[in-house]
Amino acid sequence: MSNSVNHSQGRNWRDRLMQICFDRSGRSPWPLLWSLAIAALYGGLSLHQGFSGEFVVQDDARQHVFWMQRFLNPSLFHNDLIADYFESIAPIGYTKLYQLAAFFQINPLIFNKLLPPILGLIITFFTYRVTFAIFPVPVAGFLATVLLNQSLWLKDDLVSGTSRAFAFPLFLAILDGLARKSPQLLWSSIALQGLICPTYALVSGGLISIKLAWVGYQKLERAWLSAAWTIRNPSDLKVAEDLALQKSDLVLAIQSRLIDAERQQLFLYIGALGSLFLVLLPVLFLGQDFGPVVSEKIARTMPEFLDGGRTNIFDRDWIDYWFFGRGTNLIPRSLLTPVTLIFGFALPLFQLSLSQLKGIQARFPLSHRITPEVNNLWQLGLASIGWFLLAHGLLFRLHLPSRYTGHSFRIIIAIAAAISLVIVWEALQRWAGRSIPNFDSSAVYSLPPLFNTPIAQAIRPKPKSLRWKVYLSRSFSMILIVLVLGYPLLVPTFPANSYQTGRAVKLYQFLQGQPTDIKIASLSSIGDDIPTFAGRSILTGKEYAVPYHLGYYRLFRERILRTIEAQYSTHTQSMKFFLARYHISFWLIDRAAFSENYLKDSWLEQYPEASEPALQTLRQEQTPLVQSLMNSCAVLQDQTWVLLDAQCLRDS
């Protein structure tokens, strides 16, 4: 008796769960709450990484956030070329957001770690809404949020907390605004995208333009068909007029509704483009103080853009250049991570089945729930490809082409994969469920009437003859659960750890105690972390060797050349001139800096006019002056580096 009761309770619990997961109305809040809980878990893991030590920073924050420490202490980075440049290229909305946090005394580097989990929750909320608008099945919305969160937390875009991290929630908010035809949501989202991440706002503008063009095309098509029918059937004109008089009220009502719908769409799309245009005007002036932008012709002559350079663009085969290589690739790296995202390629087939492949719809009946809003995904992809090609044609002037497909493609594939997985899973369960007695599929799924008629019930096979189907469907369900929910346990590190830990704690602490206007010269990678962890200016650093704006990079490159020359010079005057010219306070030297391999195997190879003479000095076994003074002028040292006092070097 108790076994029967337990079995009945278990069945009721499963049926209730299925009703929640497949309810077309989506009234139950549980799938969204489950999604938000998983997003919060992933965000919590990221916070654990970010706050695992005192000197921990996200890799990209070393470029795009360090200078914002000025908001709390305006005396920092005074007359600093590097800080001024990265401030000049920061989007206005992105800067103002961090400035607002600083107003409440939140350190920008702390705020940078807090942002990604918050953005992850916003992404989850809008992903669920967009997926449900495309495919009103709650479990699909849940799966889409899980897949997209896993994809994003395995990359460094979201966790960077930089402007590009905002592209995901704003893309999804724009898609939600389009699906719900909400002017407030659409206009505000596209305006925020233009202010915070303008590059990606161009893709959204392309999406809106495609939809606007489609409305215009449909209007012209109806007018053309009406005119063509009148010309080809002039004898039927009187008949048509009589019918129109008889049904004038109905015809007028239909025409009125069509006209109103068109006006609403035009109002929605034109308003969105107008909002985007207004907010993008200030973006035209970003980086103007350090222009011009490097042209493709000039870039092909620069070692930085060739093999071995920091930004290798051109020394690659055409497949790598167009499809997979960093910066110019159409297909984002790790697009199909996690592997379940491969199901996203099946969605076009299910969408096609609605009108042309009736056999597929019969086998996958849940595909009939796909709504026309799915076209927003394909139009977003088309807009992304269009801007990708344009960015290749105007290389560097629209930044890197991969910017235009990386974010949108990840959103599209995650939503498409979730929908396809649910359609396939439901079809397999129904296929196996036919052999389970007393299981009324119509109570759980919206199946065609054919499958619920008495005849269909009567001809169902006996349970024993098809028990293997049940086992197969259960196995597929378990594999799906493991792959989707358990995927983070299958990868070495989740979320992917893109945080950098400072290696020279006592160096940062020492420099923090120095005046804020000091400047440190260095070719060491340890020097890259000084602006972030010590809040002091450096003359050069590999992390900041960004060659896209020539007004900045020519000055920066000149500094690197002079630093290499001075560090390996055997002449006192050369070293003293360098120290005086750039007002150097300290000089950070790697202990390995005076070996040939240091110059051969490092980023300094892309500056041959200075590195080659330095190599000749070492090969001739001459001792650079700085090397001879490392012991006498050292103020702080470790096993791998030495910090020299510039005044001591001047007095030597």
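Placed above this text is the structure.
We now turn to the structure provided with this report. These numbers were taken from a predicted model, which means no experiment stands behind them.

1. Quick word on the overall build of the chain
Now for step 1: From N to C terminus, the chain includes 29 helices and 7 strands.
Now for step 2: Out of the 652 residues belonging to the chain, those deemed buried represent 50%.
Now for step 3: Sequence separation of 24 or more characterises 73% of the internal contacts of the chain that already satisfy a separation of 6 or more.

2. Observations regarding the packing of aromatic side chains
Now for step 1: Scanning the model with the defined rule gives 40 aromatic pairs in all.
Now for step 2: With a centroid separation of 5.7 Å and an interplanar angle of 75 degrees, the aromatic rings of Trp67 and Phe71 are classed as edge-to-face.
Now for step 3: For Trp67, a relative accessible area of 1% corresponds to the buried category.
Now for step 4: Here the aromatic rings of Phe305 and Phe314 are separated by 6.4 Å at their centres, their planes lie at 55 degrees, and the arrangement is tilted. The same class applies to Phe305 and to Phe314, which are both buried.
Now for step 5: An aromatic cluster is present here, built from Phe66, Phe77, Tyr85, Phe86, Phe290, Tyr544, Tyr552, Tyr553 and Phe556 joined pairwise through their rings.

3. Observations regarding helix 17 (residues 375-393)
Side chains that are three or four residues apart share a direction in an α-helix, a result of its 3.6 residues per turn.
Now for step 1: For helix 17, built from 19 residues, the straight-helix expectation of 27 Å at 1.5 Å per residue is met to within 8% by its first-to-last C-alpha distance of 27 Å.
Now for step 2: For helix 17, the full list of buried residues reads Asn376, Leu377, Gln379, Leu380, Gly381, Ala383, Ser384, Phe388, Ala391 and His392.

4. Describing the sheet that holds strand 3 (residues 519-522)
Now for step 1: Sheet architecture is open: 5 strands sit in the order 4-3-5-7-6, paired in mixed fashion. Looking at which strands have only one partner, the edges of the open sheet turn out to be strand 4 (537-538) and strand 6 (634-637).
Now for step 2: Judged from the 2 bridges that link them, strand 3 and strand 4 form a sheet pairing that is parallel. When the sheet's bridge partners are listed, Lys519 is paired in strand 4 with Ser537.

5. Quick notes on the state of the cysteines
Now for step 1: Tallying each qualifying case throughout the model produces 1 disulfide.
Now for step 2: Residue Cys633 pairs covalently with Cys648 via a disulfide, S to S 2.1 Å. As the torsion about the S-S bond is roughly -70 degrees, the Cys633-Cys648 disulfide counts as left-handed. Of this pair, Cys633 sits in the loop between helix 28 (625-628) and strand 6 while Cys648 sits in helix 29 (residues 646-651); the two residues are 15 residues apart in sequence, bridging distant segments of the chain.

6. Comments concerning the pairing of strand 6
Now for step 1: Relative to strand 7 (residues 641-645), strand 6 runs antiparallel, the two being bridged by 3 bridges. Of the residues in strand 7, the one forming a bridge with Ala634 is Leu644.
Now for step 2: Counted between consecutive antiparallel strands, the loop separating strand 6 from strand 7 contains 3 residues.

7. Structural notes on the pattern of salt bridges
Now for step 1: Under the defined criterion, the tally for this structure stands at 19 salt bridges.
Now for step 2: One salt bridge in this structure joins Arg300 and Glu296, with 2.9 Å as the shortest N-O distance.
Now for step 3: The class for Arg300 is partly exposed, based on a relative accessible area of 44%.

8. Some points on the packing of helix 2 (residues 30-50) against helix 6 (residues 108-134)
Describing two packed helices takes the angle between their axes plus the distance from one axis to the other.
Now for step 1: The contact between helix 2 and helix 6 brings their axes to 9 Å, and the two run at 160 degrees. In terms of their interaxial angle, helix 2 and helix 6 are classed as roughly antiparallel. In terms of crossing hand, the pair formed by helix 2 and helix 6 is right-handed. Of helix 6, the residues touching helix 2 (which contributes Pro31, Leu32, Ser35, Leu36, Ala39, Ala40, Gly43, Leu47 and Gly50) are Lys113, Leu114, Pro117, Gly120, Leu121, Thr124, Phe125 and Tyr128.
Now for step 2: Here the contact of helix 2 with helix 6 is built from residues that sort into 11 nonpolar, 5 polar and 1 charged.

Parameters at a glance
- Residues numbered from 1 in each chain as written.
- Predicted model: local features only at pLDDT ≥ 70, side-chain atom pairs only at ≥ 80, totals over all residues.
- Heavy atoms only, no water.
- Helix = DSSP H or I, 4+ residues; strand = E, 2+ residues; numbered from the N terminus.
- Buried < 20%, exposed > 50% of the residue type's maximum accessible area, 1.4 Å probe, protein only.
- Contact = heavy atoms within 4.5 Å.
- Phe/Tyr/Trp six-rings, centres within 6.5 Å; stacked < 30°, edge-to-face > 60°.
- Expected span 1.5 Å × (residues − 1).
- Pairing = 2+ DSSP bridges.
- Disulfide = S-S within 2.5 Å.
- Salt bridge = Lys/Arg side-chain N within 4 Å of Asp/Glu carboxyl O.
- Axes fitted to C-alpha atoms, helices over the stretch in contact; angles between N-to-C directions.
- Parallel < 35°, antiparallel > 145°, perpendicular 65-115°, else oblique.
- Left-handed = near helix turned anticlockwise from the far one by under 90°.
- Nonpolar A, V, L, I, M, F, W, Y, C, P; charged D, E, K, R; others polar.

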